[in-house]
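Overview (structure and organization)
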Amino acid sequence: MIDFRSDTVTQPTVAMRKAMASAEVGDDVYGDDPTVNRLEAMAAERFGFDGALFTSSGTQANLLALMSHCERGDEYICGQQAHNYKFEGGGAAVLGSVQPQPLANQADGSILLSDIEAAIKPDDIHFAKTRLLSLENTIGGKVLSAQYLADAQALAFNHRLKIHLDGARIANAAVAQGVAISELTQYFDSVSICLSKGLCAPVGSLLLGDERLINKARRWRKMLGGGMRQAGILAAAAELALNEQVERLAIDHDNAHYLAEQLQGVAEFEVNVAEVQTNMVFTKVSDKLDITAIAKVLKKQGILLSPGSVMRLVTHADISRNDIDTFIKALKALL
Ligand SMILES: *Cc1c(COP(=O)(O)O)cnc(C)c1O
């Protein structure tokens, strides 16, 4: 299958399967899994935090961050398009009694600092307590500038807010900007990172933070059913995700650019190549086209899309330039 739906579909590499098969493991709820411990220590050190926690998913890592920064009746400020507002089932509200305060995302993915400032509630019994600012990078495939991150951190500090980053694809942001991941995580009190997207691990995310936050998060993780036993099997693949897959993302970015260029040659699809910054291409589909029907036919030919009036196509390790050519050819033939 040539699968453009997401980078979550990537298969674990051969090296990952080998490492998983021979991983040294223990009961991680007792703190006994050497591979999990090594992964957490490496991630904390590499990304500049006291501690790290290996979680079952990015959704869980974000939820743990929100529940560990905020108490019942607190709120977090985030973007309308934020994954941890829009795509995580309202978990912070349902499970944490934490209220989101979503604000408009600008075209570049940022939230205006003036909007953030205006949304911070004064100390008044009518209001939830604004506790946390949560940003996302990359967001919709777009990279936030380091200057913006620094300005957001200063704003949060001045208003005594904590600042969290949903960095599911922070490795894509770092590679796109040619900087170390730690340069982009330094502005935050906590960061979540997905290992199971472009980095090819089968399962798992990391939450990074100071010791107090990670201890709190570890307690919540257990309560939420995320205490995993011989999790070193998964951590072994996660280590390889961090050590062997980050630089490779540059290829995905090149391929996304190539895909956007090729799509530009198909009249029914509108693409702005200049807007492609990482591994995602967004294209406006002509409303004369039944894209759902087209996706059904392409599926029979082994090509998977998420049809929509604005369609997102994602490049990743299991999509080559050849695959993109195959897709464009099939699409043109159909049209
Ligand atoms: C995928 C994603 C998550 C959640 O990760 P899961 O492992 O799918 O739960 C969180 N934030 C962003 C920005 C994501 O893209």
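Residues numbered from 1 in each chain as written. Predicted model: local features only at pLDDT ≥ 70, side-chain atom pairs only at ≥ 80, totals over all residues. Heavy atoms only, no water.

If you check an unreviewed UniProt entry, the protein chain appears there as Threonine aldolase from Shewanella algidipiscicola. Database annotation for the protein chain, UniProt heading Cofactor (unreviewed entry): "pyridoxal 5'-phosphate". The record in UniProt for the protein chain states the following under Sequence similarities (unreviewed entry): "Belongs to the threonine aldolase family." (UniProt positions renumbered as here; feature names shortened; annotations may be inferred.)

**Quick word on the nonpolar core**
Counting 57 residues, the largest nonpolar core has F54, I116, L135, L195 and L242 as the members making the most contacts within it. Sorting elements by how many residues they give to this core places helix 11 (residues 232-244) first, with 7 residues. Counting 29 residues, the second-largest nonpolar core is a separate cluster that includes F4, V273, L289 and I328. (Core = buried A, V, L, I, M, F, W, Y, C linked by side-chain atoms within 4.5 Å. Buried < 20%, exposed > 50% of the residue type's maximum accessible area, 1.4 Å probe, protein only. Helix = DSSP H or I, 4+ residues; strand = E, 2+ residues; numbered from the N terminus.)

**Quick word on the domain arrangement of the protein chain**
For the protein chain, the assigned domains are domain 1 (8-244) and domain 2 (248-334). Measuring from the centre of the C-alpha atoms in domain 1 to the corresponding centre in domain 2 gives 29 Å. Note on domain 1 versus domain 2: buried area summed over both sides is about 1,200 Å², and carbon and sulfur give 59% of it. Linking domain 1 to domain 2 there are 0 salt bridges. Our count for the contact surface shared by domain 1 and domain 2 stands at 5 residue pairs in polar contact (both at pLDDT 80 or more). Broken down by class, the residue content of the side of domain 1 that touches domain 2 amounts to 7 nonpolar, 7 polar and 2 charged. (Domains from an automatic or database assignment. Buried area = accessible area lost by both parts, 1.4 Å probe. Salt bridge = Lys/Arg side-chain N within 4 Å of Asp/Glu carboxyl O. Polar contact = N/O pair within 3.5 Å; in protein donor to acceptor, adjacent residues only side chain to side chain. Nonpolar A, V, L, I, M, F, W, Y, C, P; charged D, E, K, R; others polar.)

**Describing a nonpolar patch on the surface**
Together, V94, L95 and L224 make up a nonpolar patch on the protein surface, roughly 270 Å² of accessible area in all. Tracing the backbone shows V94 in helix 5 (residues 91-96). (Patch = residues over 30% accessible without salt bridge, like charges linked within 9 Å, V, L, I, M, F, W, Y side chains within 5 Å. Areas by Shrake-Rupley, 256 points an atom, 1.4 Å probe, with all protein chains shown as cover.)

**Observations concerning the environment of S286**
Relative to the assigned elements, S286 resides in the loop between strand 10 (280-285) and helix 13 (291-300). When the C-alpha atoms of S286 and V310 are compared, they prove to be 9.3 Å apart, with 24 residues separating the residues in sequence.

**Quick look at the pattern of salt bridges**
Within this structure, the stated rule accounts for 10 salt bridges. In this structure, K121 engages E75 in a salt bridge whose closest nitrogen and oxygen atoms are separated by 2.7 Å. With a gap of 46 residues between them, K121 in the loop between helix 6 (113-119) and strand 5 (129-136) and E75 in strand 3 (residues 74-79) connect regions that are remote in the sequence. Looking at E75, the relative accessible area reads 0%, which means it is buried.

**Topic: the site of the ligand**
By nearness alone, every residue bordering the ligand is listed as S57, G58, T59, N62, H83, E88, E136, D166, A168, R169, C194 and K197. Interatomic distance of 2.8 Å between a backbone N/O atom of G58 and an oxygen atom of the ligand. Residue R169 places a side-chain N or O atom 3.0 Å away from an oxygen atom belonging to the ligand. Element by element, the count of residues in the shell around the ligand is highest for helix 3 (residues 58-69), at 3 residues. Its residues assigned to classes, the shell around the ligand shows 2 nonpolar, 5 polar and 5 charged. (Near = heavy atom within 4 Å.)

**Things to note about the sheet that holds strand 2 (residues 51-55)**
Taken together, the 7 strands give an open sheet; going across it, the order is 2-8-7-6-5-3-4, and neighbouring strands pair in mixed fashion. Two strands bound the open sheet, and with one partner strand each, they are strand 2 and strand 4 (99-103). The average angle at which neighbouring strand axes cross in this sheet is 20 degrees, direction not considered. Direction of pairing for strand 3 relative to strand 4: parallel, over a ladder of 5 bridges. Looking across to strand 4, one finds that C78 is bridged to P102. (Pairing = 2+ DSSP bridges. Axes fitted to C-alpha atoms, helices over the stretch in contact; angles between N-to-C directions.)

**Overview of the sheet that holds strand 10**
Reading across from one edge, 9-10-12 is the order of the 3 strands in this open sheet, with antiparallel pairing throughout. Every interior strand has two partners, whereas the edge strands, strand 9 (269-271) and strand 12 (310-314), have only one. Neighbour-to-neighbour, the strand axes of this sheet turn through a mean angle of 35 degrees, independent of strand direction. Note: strand 10 against strand 12, 5 bridges, orientation antiparallel. Note on strand 12: the bridge partner recorded for F282 is R312.

**Concerning helix 14 (residues 321-334)**
With 14 residues, helix 14 extends 20 Å between its outermost C-alpha atoms, agreeing within 8% with the 20 Å of an ideal straight helix rising 1.5 Å per residue. Of all the positions in helix 14, only D323, I324, F327, I328, A330 and L331 are classed as buried. The buried residues of helix 14 occupy an angular sector of 165 degrees when the element is viewed end-on, so they sit on one face. Exposed positions of helix 14 whose direction lies more than 90 degrees from the buried face are N322, K329 and A333. Against strand 1 (2-3), helix 12 (249-264), strand 9, helix 13, strand 11 (303-304) and strand 12 lie the buried residues of helix 14. (Expected span 1.5 Å × (residues − 1). Arc of directions from axis to C-beta. Contact = heavy atoms within 4.5 Å.)

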